[in-house]
Amino acid sequence: MRIRGARRSHAVVAGLAAGALALSGCSSGSENTDSQQDDKKKAAEQQAQIPFGDAKASTGPAPEVKGAQEGGTIPVMQRDSYAHLDPGQIYVSDEGALARLIHRGLTGYKADFKGKQTLVGDLATDSGKPSDGGRTWTYTLKDNIKWADGTDITSKDVRHTFERQFAEFINDGPVYIQQWLSNEPGTGYRDMLPKGPYGGDHLPDSVLETPDDKTIVFKFKEPKPDLPYALAMPGYSMVSEAKDTQEKYDKDPMTAGPYKIESFKTGKSMTLVKNEHWDPATDSSRNAYPDKYEITFNIQFETSAERLMADKGVNKNSISFTNNVDAATLPKLNKDPDAQKRSVNGYQPYVAQMAINMDRVKNKKVREAIAYALPIQPYQQAFGGPQGMELAGGLISPTVSGYEEGFDPFGKLKKPLGDPAAAKKILEEAGETGYKLTWGYINTPEGQNYSPTMESTLEEAGFDVQRKEISAETYYDEIGVVDNEFDMYVSAWGADWPSASTVVPPLYDGRQIQDGSSNYSHTNDKHINSEIDRIQKIADPAEAAKEWNKLSQYVVEDLISNIPMTYYKQIQLYGSNIGGVQYDDVIGDIDLRKIYLKQ
Amino acid sequence: MLRFLIRRTIGALIILLILSAVCFFLFFAIPRDPARISCGEKCTPENLELIRRSLGLDDPVPVQYWNFLAGIFSGRSYPTGDCPAPCLGRSFVHDENVLTLIQDRFPTTLSLTIGAAIVFLVFGVGAGMIAAWRRGTALDKFVSGSSLVIGSLQIYFIGPLVLWALVYSTGLFGDPTYNPFTENPWKWAVGLILPWAVLSTIFASNYTRMVRSTMIEQLQEEHVRTAKAKGMSSGTVFFRYAWRGALIPVVTIFGIDLGSLLGGAIITEFTFSLPGLGNLSIASVFRADLPVLMGVLLFSSTMIILMNVIVDAAYAFIDPRIRLS
Amino acid sequence: MTSPSEAAPTGSEPTTLEPVKAEGGEGQGAAEYIGKSPGQLMWQRFKRDRAGVISAYVVGFFVLVAILAPLISKLYGKSPYTLYNSATGKPELFDALGYPIKPNGGISGEFWFGLEPILGRDVFTLLIYSIRTSLAIAVAVTILTVGIGVLLGVAAGFTGGRTDTLIGRFTDLMLAFPSQLFFVAFMPVITALFVAPEDATPTWLRIAVLIGVLAALNWMRMARIVRGVALSMREREFVEAAKVSGASNWRIIRKEMLPNLVTPILVQGTFELPLVVTNAAGLSFLGVGLVNPTPDWGLMFSRAADVSETVPTFMFFPGVAMVIFVVAFNLLGDSVRDAFDPKAAR
């Protein structure tokens, strides 16, 4: 009766990540679940950028789903309660999926019926008009956009939304736009507006300008071609200036999406009902057919999987927003063709890697020995085998442009159980046999299942492994401390949008190292730092993607600070009365915008 | 009676005070920093400092403990909202007062407890009486034996088994859920019937064994034998006299069982995904949500102590010879 | 059935748990038993109890398996620490998901009870070593429980007065702890207090903490029972006599009281031990007890609960073993009590 180990708590850091292009026919892609080949093919299709849509693509209403029916109540099973409802605090994928239904931002993703995504204007009329070489971006708000209390959403709210991101109490959300506006790395942006808008100060017009009620102009010092993607993050959804209660907003926010929160009992239940002030004509991506969602928390993955597989009674109408089929239920699902028809699957943008603490393990030969010895298959099997994860050769996920198939410098794909013999030789040559390796692993059922095999294989190679368990809920906090006592630990990271510019700099830029930063391996390499600066200035996305990939390979091959382990995949079930289901590879979960209840 | 109650209340308060102090100081021996937990995924040193200040974690531990105690009487105020008296603190993880969370979960736990208690009392005591009544026969052996076997099954063993056999594969029962009794008593009972049954298995056999042995003992007592000698039918003797003697031990363990159940049946609530105190406490353990954990611990202890007082008071009613002291 | 105290100077006063009780049928059978020590009497009665004898054999079997686990696994040729699903093991026995390829959880002539999914340990050796771990913990906890219980119980019952009140209040305090929740909350805290941050927590330390915490929250019932008995005995003639004849307190406790306490302690101990086994297993099940790859009953259950539908055998073997163990131990407890105290009803 342990709290089942957080598959997603491994991934929370990664936040709501943008996936990539369509998985063809992913709404029932499980007839071929065991086929790695098929997945590879799909992956290859995913590596192009999501295009920006124009005003026409951004105009509502969303195209009707064939056979869709309006109305009905959908029961939802969720494991974890929501810690944040304030958009400014939302960064994890669970809350991101919910935000899709209740919050709206300036931009958003729109999926066609094959799952192909386009980035369009959500509250704005289009995905943004760049000028001055991408330094200035202009957005115009649509007409008839209203808060759930019927008041208009104006540019004042937009200004307020971004200004409050600078306040101290907003500390869990994304920081890209704050950093870009202030042109400061790290948390230096807070000095620009230390109290947010609450002390009466505002961002100067030279940074954020709202000339009238409908227009917003962002002005950056450097070109920011990725701004429309950043604005689509749920963390940049709009906050009502009039209803902003600061810290208390996190519990009871004003919403603008097709649903509003009728009731929320922390850790127990939440009810979403239709927001009558949401006008479908202003929304090009959300159909929002059901009348009501009744969310129950504390439903473990195996429970929701069992109930949806059984498909009895009220569970025929049920879904889960983000619970996946747990590893132990997958073998059963594989023997149940009927339930397989009610599943969606696809990649998630996360990449699991063993981060070696460069401050402690300074000998490259030792790191090389770890790279050869480390078995990655136990990790994959602990998470459900090939359906749960795919073995990784490189650090760039198949969902991100720049991914290169077949990159595998240490032969991990050929020997997924590790090569202790090769490692032993390297360790002996280096005279480091018996090297004491303190490994912090996450104390979840999965961690219990993969760590002993990793330990024993590393011991076989001649390491003296000290395996320390770390509580799941504080895992990333503990490994995020720069001065930690561990030599290595697993971390997972996903791109915030399908560009490696949201992967390589946050993970391997040595200038970012501080407590809580995502550079878990404490990689601080001159070559990497200077390359990051160079590649960030490349305007052509394809060229930049290639360069990012090359740099990530340098991390694996030459520096050996991070050992790629697996790419995450997702498999979810839904009740037989749910229609219009497709996989949403932007959030890496079921697409909630198009589903309907058959009545 | 009044003096008894006053004395026991004072005693209980002292116990709770010591208990809360022990828990409080033990919690701060935890090598992980509570501020880190509410700091979230992107915890920078500045954020950490800020949270530490707003949670009052920069005060020395005794001061924090004093604030905690004072909060119970005068309420406290947090940046995310007020916590009126009696304030048991505010969750680190959710922006919610601990007492609100407990009040929200307690009805589930109470329902689970009441239903399970009825089931294990009826079946446990009933089986024990039958076994004593037909002592030494095959029926006795069957009842005692099966109660022993059922009692040694663990919840984590039969819980999943019952779910699989009765819910997922056959659909004989719906998913166990909690519906408030006040809304729909029928739905309430139907949703909880499986958890009641499973939870009672570990308790019922205790009652069977005890009732059986005390009943048999009672049947040998003088007043019972006298009654029998006077020519009363054995049925009358059995149901009129003997069962009274079995009452005191039953009430004693019933009090203990109720007290511990009212604090949350952790494994059962978890197995059946019921939103009770047990689920709340286990979630707070794994999220290191210390105020909630502390609140649930204190609440559970209060329940245990309360049941003890009630049991002691009940003795006086059952057997007037026992004087309250 | 009470024999006159002079006839049994070593203090063979059989005591029931109730301090005051009508003594019906006294002396009827006393004559036949003359010349036999209470131990012999008890043994005689126990031997006649068929269920008791059988369960004693079963319990003995479990104990033997636990003690001889290393020998058994040596003869069987495997170790519970070998991970067969690894580079140095036999990965060909497992499918892509890490489950044994052969049916019934990979049961074969080589692996009698099959293989554990993913980690790939041999279930047979895993189970016997798990029993070994669990029994060792349970025995240690029971001994500690008895030790603390007797110490405090005798101190309270024998001295009486203020000491009695103090110990009584302390016992009340400890009884008010919600023990399961307390275990879960504090096991990690207490473990962390003893370990340097760079080193793995050694298994012996985890076990020691587990034993310590379980004993600390388990001694109260024992103490109460012992106190009750000691209290009633303090007023008995043979203790009075010893006092008058100038025996030291220590001597009275050792020579007069302890022998009389053997019965309730033994009875309570036999009931307590299986409880400790299931409690400790519950802790590991919750994830706060032992960790893989230490073989442990609770860990097996927690894993089995996950995979039971795919690999039912993995739940079957430890589950059945646990049920048999608990039933046998409880029956044994009943028989022991009956043998000591024939007045208690059967």
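For the structure, see preceding data.
Residues numbered from 1 in each chain as written. Chains lettered and ligands numbered in written order. Predicted model: local features only at pLDDT ≥ 70, side-chain atom pairs only at ≥ 80, totals over all residues.

Student: I tried to follow the overall build of chain C on my own but got confused; where do I start?
Tutor: Broken down by element type, chain C carries 13 helices and zero strands. Each helix (α) and strand (β) of chain C, taken in turn from the N terminus, gives the series α-α-α-α-α-α-α-α-α-α-α-α-α. Long-range pairs, those at least 24 residues apart, make up 70% of the contacts in chain C with a sequence separation of at least 6. (Helix = DSSP H or I, 4+ residues; strand = E, 2+ residues; numbered from the N terminus. Contact = placed C-beta atoms within 7 Å.)

Student: Mind showing me how you'd approach unusual backbone geometry here?
Tutor: Glycine aside, residues mostly have negative phi angles, and peptide bonds mostly take the trans form. Going from N292 of chain C to P293 of chain C, the amide bond is cis rather than trans, its omega being 5°. Relative to the helices and strands, P293 of chain C resides in the loop between α11 (249–286) and α12 (297–307). You will see that D132 of chain A, though not glycine, has its phi angle at about 55°, which is positive. Tracing the backbone through its elements, the reader meets D132 of chain A in the loop between β4 (129–131) and β5 (136–140). With 10 C-beta atoms packed within 10 Å, D132 of chain A lands in the exposed category. Its identity is not glycine, yet N104 of chain C carries a phi of approximately 55°, on the positive side. Within the fold, N104 of chain C resides in helix α4 (residues 103–106). (Buried ≥ 20, exposed ≤ 12 C-beta atoms within 10 Å, placed from the backbone.)

Student: How do you make sense of the interface of chain B and chain C when you look at a structure like this?
Tutor: Often, the extent of an interface is quoted as the loss of accessible area upon association of its parts. With 36 residues of chain B at the contact, the number on the chain C side is 30 residues. When contributions to the side of chain B that touches chain C are tallied by element, the ones reaching two or more residues are α1 (2–27), α6 (138–152), α7 (155–168), α8 (185–219), α11 (266–271), α12 (277–286) and α13 (290–318) of chain B. With seven residues, α13 of chain B is the largest single contributor of residues to the side of chain B that touches chain C. Counted by class, the side of chain B that touches chain C contains 24 nonpolar, nine polar and three charged residues. (Nonpolar A, V, L, I, M, F, W, Y, C, P; charged D, E, K, R; others polar.)

Student: Is there a simple way to explain the nonpolar core in this structure?
Tutor: Soluble, globular proteins show a tendency: their nonpolar side chains are buried together. Judged by nonpolar contacts, the single largest core of 335 residues is most densely connected at A369 and L374 of chain A, V296 of chain B together with V184, V226, A280 and F301 of chain C. Among the elements that make up this core, the one with the highest residue count is helix α5 (residues 123–159) of chain C (17 residues). L374 of chain A has contacts with M354, G418, M454, L458 and I563 of chain A, leaving out every residue within four places of it along the chain. (Core = buried A, V, L, I, M, F, W, Y, C linked by C-beta atoms within 7 Å.)

Student: When you look at the pairing of strand β9 (residues 269–274) of chain A in this model, what are you seeing that I'm missing?
Tutor: Strand residues, when the strand is regular, have side chains that alternate between the two faces of the sheet. Residues and elements named next belong to chain A. Strand direction decides the pairing type here: strand β8 (residues 259–265) and β9, joined by six bridges, are antiparallel. Its bridge partner lying in β9, K265 is registered against S269. As consecutive antiparallel partners, β8 and β9 are separated by three residues, and within that stretch G267 has a phi angle of approximately 75°, a positive value. The pairing of β9 with strand β10 (residues 292–296) spans five bridges and is classified as antiparallel. Pairing of S269 across the sheet is with T296, part of β10. (Pairing = 2+ DSSP bridges.)

Student: Is there a simple way to explain the sheet that holds strand β6 (residues 208–209) of chain A in this structure?
Tutor: Residue and element names in this part refer to chain A. Spatially, the four strands line up as an open sheet ordered β4-β5-β7-β6, and their pairing is antiparallel. A single partner strand is all that each edge strand has here, and the edge strands are β4 and β6. Examined bridge by bridge, β5 and strand β7 (residues 215–219) share five bridges and lie antiparallel to one another. Each residue of the ladder has a partner; that of T136, found in β7, is K219.

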